[in-house]
Protein chains: 2
Amino acid sequence: MAARLTAADPAARWSRDEHERGVALVLEDGDVWEKGCASVTLIEDSVLSNARADAISGRTGIDGVVAGARYSAAALSFVLHARSPLVPTLRGDVRWFKVGAHEWYGGGLDLTPSYLFDDDCEHFHSRLRQLCESRGGGAESYRTMKAACDAYFWLPARAEHRGVGGIFYDDLAAPWAPDFSLALLDAALDPAGPYMPIVEIRRALAYTPAQREWQLTRRGRYVEFNLLYDRGVRFGLTPESVERVLVSSPPLTAWRFRAEPLPGTAEAELMAVLRTPREWA
Amino acid sequence: MAARLTAADPAARWSRDEHERGVALVLEDGDVWEKGCASVTLIEDSVLSNARADAISGRTGIDGVVAGARYSAAALSFVLHARSPLVPTLRGDVRWFKVGAHEWYGGGLDLTPSYLFDDDCEHFHSRLRQLCESRGGGAESYRTMKAACDAYFWLPARAEHRGVGGIFYDDLAAPWAPDFSLALLDAALDPAGPYMPIVEIRRALAYTPAQREWQLTRRGRYVEFNLLYDRGVRFGLTPESVERVLVSSPPLTAWRFRAEPLPGTAEAELMAVLRTPREWA
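Remember, predicted model here, so these are calculated numbers, not experimental data.

## What about helix α5 (residues 177-188) of chain B?
Residues and elements named next belong to chain B. Between the first and last C-alpha of α5 there are 16 Å, a value that for twelve residues agrees with the 16 Å anticipated at 1.5 Å per step. Within α5 the residues assigned to the buried category are Ala177, Phe180, Ser181, Ala183, Leu184, Ala187 and Ala188. Summarising the axial view, the buried residues of α5 lie within an arc of 165°, below the 170-degree limit, and thus occupy one face. Packing partners of the buried residues in α5 comprise β4 (70-82), β5 (89-99), β6 (102-112), α3 (118-135), α4 (138-152) and β9 (165-172).

Here it is in structure tokens:
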């Protein structure tokens, strides 16, 4: 993953944060990405806390998934905040849990643009749909995971979704779950995958200071989602973990009062899709 | 309040947001303050919801303060985010509640600098102490309210306080509470009060891009406090209220990975006080 990012953005500066249960790689000040991170966490044979039992969601209470049970888990997650307002932010993760004889997977990949390019959304979603068809549970699994992604990345106080979605899954114990999760990780930054071709096209475009300003305002929504609603953030925050949890925050962010765009503008076009998600593939 | 701000910063642009229960005045792009707001809310003879009964804290369950009771309330709150990293952010509010025959007050005034000037902290706190001595419950009330302020503006995940404190009070039903609260509001932006003399001294100082960068990082902590911990924010957020609640967010904010300053720097000096509050008056 770091090799692919370095190839695409050799100017980026990397830091490494090793901790008891894993390692985080942090990218800053690249030409393409202003900030990004990739984090691996491994938990082996630990005791499930109450908060963690809640956080792993739908399985709580079934299959012996109760506070006090022993469990193992692994997660890889990443975020890339682009410098240009015309290059979208990418977020993705894959999670694996094992409690007793039961194991299951979670994960996702989703796109948060500041400006809407229909071509980009169609490309991103159709690649994910193809992945579901070739390595996952078919077109039906794409539809389910697309809807779950729209539902998860939702800011109730703004009545808007965070981005144009992608896929999101949880509690997946299907026989194809491990292979699909690995394929998703591999595709995420593949030069011919869902994201990188978009970066290659949009990174070269010139943008205006007003477009940059709009990007910073949209990043404010990204922070609102992470701090107000994200399941992973609120429960994991300790002085020991805070830097690697909040490293997903955008590098520079703005809050303007009533940044609602005028009708008919490119900014308003984005807002319409964030309010009412579209089918892209 | 707006008149005093306009006198100190005539370049600022004002907007007005009227709503069912009050009005918010928003200041943007001033020379002294990059963003600020003052908000008045009036609630007359309404039914206390569960969330609101919890939010009004210590009184819940006593004096007939239970969900379903009828209540009235008034609040004035304000935030000023300075442009210069050498001018501190000011936040303040006064709140009044009435349930049946019982009424009480809450409020506070606190300072969030990016750089520590001992003189400023001593001036700010000694003015507040004088106010407690002349219009409040004496030096003892200053000590209690200073400790309550330090306790409230605390980020557990960062193990740091948000700023250098001030005073904070809740559930205050003392005979002097109404007069003290009005005096606090009046002092907040008095040219000879706790805050404005600091602004007058610091606004003229030149600052470096690195100092500005540090200010933006500190503002990230301000956002973390508001979105993760502030009692008023999490419960009040609806699509109707979100703009005037989150208008307290700083205009421009940064998250750098591990922005911890080097020992011996001015930035490290601030962090030491945020970790271990000092007595200033």
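## Things to note about the packing of aromatic side chains
Residues and elements named next belong to chain A. Inspection of every chain in the model, using the stated rule, returns 18 aromatic pairs over all chains. Centre to centre, the rings of Tyr152 and Phe168 are 4.5 Å apart; their planes meet at 10°, and the pair counts as stacked. Of this pair, Tyr152 sits in helix α4 (residues 138-152) while Phe168 sits in strand β9 (residues 165-172), placing them 16 residues apart in sequence. Classification of Phe168 as buried rests on a relative accessible area of 8%. Of the aromatic side chains, those joined through ring pairs into one cluster are Tyr152, Phe153, Phe168, Phe225 and Tyr229. A cation sits over an aromatic face here: Arg162 above Tyr222, 3.9 Å from the ring centre.

## Quick word on helix α7 (residues 209-229) of chain B
Since the α-helix turns once every 3.6 residues, residues separated by three or four places project in the same direction. Taking 1.5 Å of rise per residue, 21 residues should cover 30 Å, and α7 of chain B covers 30 Å from first to last C-alpha, within 8% of that figure. Most of α7 of chain B is tucked away, with 17 of its 21 residues classed as buried.

## Digging into the interface of chain A and chain B
In this assembly, 37 residues from chain A lie in contact with 37 residues from chain B. Around 3200 Å² of area is buried between chain A and chain B when both sides are counted, 56% of it from carbon and sulfur atoms. Counting the contacts that link chain A with chain B gives eight salt bridges. Our count for the contact surface shared by chain A and chain B stands at 15 residue pairs in polar contact (both at pLDDT 80 or more). Elements with a minimum of two residues in the side of chain A that touches chain B: β1 (13-19), β2 (22-28), α7 (209-229), α9 (242-245) and β10 (252-254) of chain A. Sort the elements by how many residues they give to the side of chain A that touches chain B and α7 of chain A lands first, with seven residues. Class assignment for the residues of the side of chain A that touches chain B results in 20 nonpolar, four polar and 13 charged. Sheet analysis places β10 of chain A next to strand β10 (residues 252-254) of chain B, joined by three bridges and oriented antiparallel.

## Examining the pattern of salt bridges
All names here are of chain A. Going through the model one piece at a time under the given rule, you end up with 62 salt bridges over all chains. With its nearest N and O atoms 3.0 Å apart, the salt bridge here joins Arg212 to Glu34. Residue Arg212 is located in helix α7, and its partner Glu34 is located in strand β3 (residues 33-47); the two are separated by 178 residues in the primary sequence. Like Arg212, the residue Glu34 is buried in the burial classification. Across the salt bridge formed by Glu200 and Arg203, the nearest N and O atoms sit 3.4 Å from each other. Take Glu200: its relative accessible area is 45%, and that puts it in the partly exposed class.

## Brief notes about the side chain of Ser84 of chain B
Mapping Ser84 of chain B onto the fold places it in the loop between β4 and β5. Not counting residues up to four positions away in its chain, the partners in contact with Ser84 of chain B are Val32, Arg202, Tyr207 and Gln215 of chain B.

## Let's talk about the pairing of strand β6 (residues 102-112) of chain A
Residue and element names in this part refer to chain A. Of all the eleven residues making up β6, nine are buried; the element is thus mostly covered by neighbouring parts of the structure. Of the strand pairs in this sheet, strand β5 (residues 89-99) and β6 are connected by eleven bridges, and their pairing is antiparallel. Opposite Gly92, over in β6, you have Leu109 as the bridge partner. Here β5 folds back onto β6, and the loop between the two strands holds two residues, one of which, Gly100, carries a positive phi near 60°. By the bridge criterion, six bridges tie β6 to β9 in an arrangement that is antiparallel. Within β9, the position partnered with Gly108 by the bridge is Phe168.

So, how was this worked out
Residues numbered from 1 in each chain as written. Chains lettered and ligands numbered in written order. Predicted model: local features only at pLDDT ≥ 70, side-chain atom pairs only at ≥ 80, totals over all residues. Heavy atoms only, no water. Helix = DSSP H or I, 4+ residues; strand = E, 2+ residues; numbered from the N terminus. Expected span 1.5 Å × (residues − 1). Buried < 20%, exposed > 50% of the residue type's maximum accessible area, 1.4 Å probe, protein only. Arc of directions from axis to C-beta. Contact = heavy atoms within 4.5 Å. Phe/Tyr/Trp six-rings, centres within 6.5 Å; stacked < 30°, edge-to-face > 60°. Lys NZ or Arg CZ within 6 Å of the ring centre and 35° of its normal. Buried area = accessible area lost by both parts, 1.4 Å probe. Salt bridge = Lys/Arg side-chain N within 4 Å of Asp/Glu carboxyl O. Polar contact = N/O pair within 3.5 Å; in protein donor to acceptor, adjacent residues only side chain to side chain. Nonpolar A, V, L, I, M, F, W, Y, C, P; charged D, E, K, R; others polar. Pairing = 2+ DSSP bridges.

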